[in-house]
Amino acid sequence: MKVEQLFTGCLAEMAYYIESNGEVAIVDPLRETEPYLEMAKANNAKIKYIFLTHFHADFVSGQYDLAQKTGAKIVFGPNATAEYDIYNGKDGEDFPLGGGKLTLIHTPGHTMESSSYLITDEEGNTPCILTGDALFIGDVGRPDLAVKQGTLTEADLAGHLFDSLRNKIMTLPDDIIVYPNHGAGSACGKNMSSETFDTLGNQKKTNYALRADMTKEEFIVEVTTGLKPPPQYFPNNVKMNKSINTSIDDVLHKGTTPLDPATFKEMSEQKDVLVIDTRSKEAYTEEGTVSGAWFIGIDGSFAPWVGALVTNIQQKIIFIADDETRVNEIVTRFSRVGYDNTQGYLAGGIKNWKAQGFDVDKIGSISAAKFAEMLAEGSMEKPTDVRKESEYLSEHVKGVENFPLDDINANFAEIDTSKAYFLHCASGYRSLIASSIFKANGVENVTDVRGGFKDLKETNAPLTEYVCPTTLL
Ligand SMILES: [Fe+2]
């Protein structure tokens, strides 16, 4: 039995390719279908099943398109309902695959249909279990996403999760490998490890939620404490995962349309079109950009930031890329979080834009040392830290206010557009996104601080005392 973990850094997501004797099961596929089709083809194998651990909230999974192309059966756990054909597996049901099998283990809690899949190999051994968002490395799935007003509370879901973990997973052998659906950086939990798998025995020793002497009441309190509201796109992605959406091939076809600079300009001036500049931080700041464009660099946590910041999931988007060979990837990464309305990209990039005589906008930027110097002189109107509140509270530069990028849409009314803002984050990615949105929303005088808090710590800027962030939960 071959079990391959397919890690996608941007979403901190793990899909799985499982194969035995020419038969394949894909677990929790991303929106695109090509990688899975190619893997099966390269191994001369046939995709028989597409298993879902649950309806994902943080990405749009590709089961419908993949099933259309392969004829594979889509399997969810009990209680799942969708607009398309699915098979609801029962707790304990076996799904033969080549010379082995996958056994569905219903593990409700993160959501009510949540299920894990125990793998039995050709020799009858059970080397691993795919736990979805029931059990992560170092954490468990958040129990607040599937709340149903009046009938199912966060505490009810946490209680189900406690029972699932204690009765269905922790009873398995200690040497079994746990393969979860997410790792550090995902908003599906609050304290995930950057490791992508571990033995169950080790998790019992190190994962706070699996403590041997923990009562159900303690578990409910601990997993529900310190949860931040989920990103705004989560409910939209759950809805899309239950629906039939535009096929990924059609999304890619439209999204990768090359737009000459004149057409791009005309579209960028339409009120219902958003320009997103996906280039590197350096290219964006040094070469300038199209007026009104938001910076969300492709080489960062691109999709989660698109999801967190672009409030209309049907938003018409045109984009600027560093490299035209990456436009397919960029459109795919938009659609992984449900932004399917990309309309094309700037053909020939910003160089072609300039060559055609169109103007560029620039965001000013300064080094951390310059920021520290200006702060000491008292010559900055609005020095601002756009990291999360928890990061700010743990340690920050004295005299700098907190205005988290995560909440920029909700709180923008607090911004005085006539003032001069100097924005920093941890290392320079989020502050540049924030700077571009400030500028697009009418703040003329905005400056990005390169290198962020990481570089500021190397200067003589006065810092608050470090408080371990976990004590702030
Ligand atoms: Fe999830």
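Residues numbered from 1 in each chain as written. Predicted model: local features only at pLDDT ≥ 70, side-chain atom pairs only at ≥ 80, totals over all residues.

A.B. asks: So what's going on with the overall build of the protein chain? Which residues, and what values?
C.D. replies: Counting its secondary structure elements, the protein chain contains 17 helices and 22 strands. For 473 residues, the compact-globule estimate of 2.2 N^0.38 gives 23 Å, and the C-alpha radius of gyration of the protein chain, at 24 Å, lies within 12% of that figure. Each principal axis of the C-alpha atoms in the protein chain carries an extent, and together these give about 70 × 50 × 40 Å. For the protein chain, with 473 residues in total, the buried portion stands at 48%. The contacts of the protein chain with a sequence gap of at least 6 include a subset with a gap of at least 24, amounting to 68%. (Helix = DSSP H or I, 4+ residues; strand = E, 2+ residues; numbered from the N terminus. Rg over C-alpha atoms; globule rule 2.2 N^0.38 Å. Buried ≥ 20, exposed ≤ 12 C-beta atoms within 10 Å, placed from the backbone. Contact = placed C-beta atoms within 7 Å.)

A.B. asks: How would you sum up the domain arrangement of the protein chain? Please name residues and give values.
C.D. replies: Each assigned domain of the protein chain is listed with its residue range as follows: domain 1 (2-236), domain 2 (246-355) and domain 3 (364-472). With 14 residues of domain 2 at the contact, the number on the domain 3 side is twelve residues. Listed by contribution, the elements that provide at least two residues to the side of domain 2 that touches domain 3 are α9 (281-287), β15 (294-295) and α10 (302-309). The residue inventory of the side of domain 2 that touches domain 3, partitioned by class, reads eight nonpolar, five polar and one charged. (Domains from an automatic or database assignment. Nonpolar A, V, L, I, M, F, W, Y, C, P; charged D, E, K, R; others polar.)

A.B. asks: Go over the environment of Ile433 with me, naming the residues and quoting the values.
C.D. replies: Position of Ile433 among the secondary structure elements: in helix α16 (residues 429-440). Overall, the presence of 24 C-beta atoms within 10 Å leaves Ile433 in the buried class. Separated by ten residues in the primary sequence, Ile433 and Leu423 place their C-alpha atoms 10.0 Å from one another. Beyond its immediate chain neighbours, meaning those up to four positions away, Ile433 contacts Trp294, Phe295, Ile296, Trp305 and Leu405.

A.B. asks: Give a detailed account of the packing of helix α3 (residues 154-169) against helix α5 (residues 216-224), specifying residues and quantitative values.
C.D. replies: Put simply, α3 and α5 touch, their axes get as near as 9 Å, and they point 120° apart. The pairing of α3 with α5 is recorded here as oblique in orientation. Two packed elements cross with a definite hand, and for α3 against α5 that hand is right-handed. Of the residues in α5, those in contact with Glu154, Ala155, Ala158, Gly159, Leu161 and Phe162 of α3 are Lys216, Phe219, Ile220, Val223 and Thr224. Classifying every residue of the contact of α3 with α5 by side-chain character gives seven nonpolar, two polar and two charged. (Axes fitted to C-alpha atoms, helices over the stretch in contact; angles between N-to-C directions. Parallel < 35°, antiparallel > 145°, perpendicular 65-115°, else oblique. Left-handed = near helix turned anticlockwise from the far one by under 90°.)

A.B. asks: If you had to explain the packing of helix α7 (residues 248-255) against helix α11 (residues 327-335) to someone new, which residues and values would you point to?
C.D. replies: Between α7 and α11, the least distance of the axes is 9 Å, while the angle of their chain directions is 130°. By the criterion of interaxial angle, the relationship of α7 to α11 is oblique. Of the two elements, α7 crosses α11, and the hand of that crossing is right-handed. Judged by residue contacts, Ile248, Val251, Leu252 and Gly255 of α7 engage Asn328, Val331, Thr332, Phe334 and Ser335 from α11. Looking at the contact of α7 with α11 residue by residue, the class counts come to five nonpolar, four polar and no charged.

A.B. asks: With reference to specific residues and values, describe the sheet that holds strand β5 (residues 73-76).
C.D. replies: Read from one edge to the other, the open sheet built from six strands follows the order β1-β2-β3-β4-β5-β6, with strand pairing classed as mixed. Taken across any chain shown, the strands that pair with only one partner, and hence form the sheet edges, are β1 (2-8) and β6 (87-88). One ladder, built from five bridges, connects strand β2 (residues 13-20) with strand β3 (residues 23-27); its direction is antiparallel. Bridge assignment links Glu19 to a residue of β3, and that residue is Val24. Sheet contacts for helix α1 (residues 34-42): β2, β3 and β4 (46-51); angle to β4, the most-contacted strand, approximately 140°. Those strands touched by helix α2 (residues 63-70) are β3, β4 and β5, and its axis lies near 155° from that of β4. (Pairing = 2+ DSSP bridges.)

A.B. asks: I'd like a rundown of α16, residues and numbers included.
C.D. replies: Side chains that are three or four residues apart share a direction in an α-helix, a result of its 3.6 residues per turn. Across its twelve residues, α16 extends 17 Å between first and last C-alpha, which sits within 8% of the 16 Å expected from 1.5 Å per residue. The element α16 is extensively covered by neighbouring structure, given that eleven of its twelve residues are classed as buried. The set of residues buried in α16 consists of Tyr429, Arg430, Ser431, Leu432, Ile433, Ala434, Ser435, Ser436, Ile437, Phe438 and Lys439. Phi turns positive, to about 100°, at Gly442, one or two residues after α16. (Expected span 1.5 Å × (residues − 1).)

A.B. asks: Any chance you could break down the environment of Leu6 for me, citing the residues and the numbers?
C.D. replies: Positionally, Leu6 belongs in strand β1. Classification of Leu6 as partly exposed rests on a count of 17 C-beta atoms within 10 Å. Here the alpha-carbon distance between Leu6 and Asp133, two residues 127 residues apart in the chain, equals 16 Å.

A.B. asks: Which residues make up α10, and what values do they have?
C.D. replies: Extensive coverage of α10 is indicated by the burial of eight of its eight residues. Among all positions in α10, only Phe302, Ala303, Pro304, Trp305, Val306, Gly307, Ala308 and Leu309 are buried. Those residues of α10 hidden inside the fold are in contact with α11, α15 (408-411) and α16.

A.B. asks: So, the pairing of strand β7 (residues 94-97): which residues are in play, and what are the values?
C.D. replies: Working note: regular strand, side chains alternate between the two faces of the sheet. Sheet topology places β7 next to strand β8 (residues 100-106); four bridges connect them, and they run antiparallel. Note on β8: the bridge partner recorded for Phe95 is Leu102. Counting the residues between successive antiparallel strands, the hairpin from β7 to β8 contains two residues, one of them, Gly98, with a positive phi of roughly 55°.

A.B. asks: Residue-level account of the pairing of strand β21 (residues 421-424), with values.
C.D. replies: On β21, burial covers both faces: Tyr421 and Leu423 on one face and Phe422 and His424 on the other are all buried. Bridging between strand β19 (residues 382-385) and β21 involves four bridges; their strand directions are parallel. Paired with Lys382 across the bridge in β21 is Tyr421. Two elements, β21 and strand β22 (residues 446-449), share three bridges in a ladder whose sense is parallel. Looking across to β22, one finds that Tyr421 is bridged to Val446. For the crossover that starts at β21, traverses α16 and ends in the parallel β22, the hand is right-handed. (Right-handed = clockwise from strand over helix to strand, strands pointing away.)

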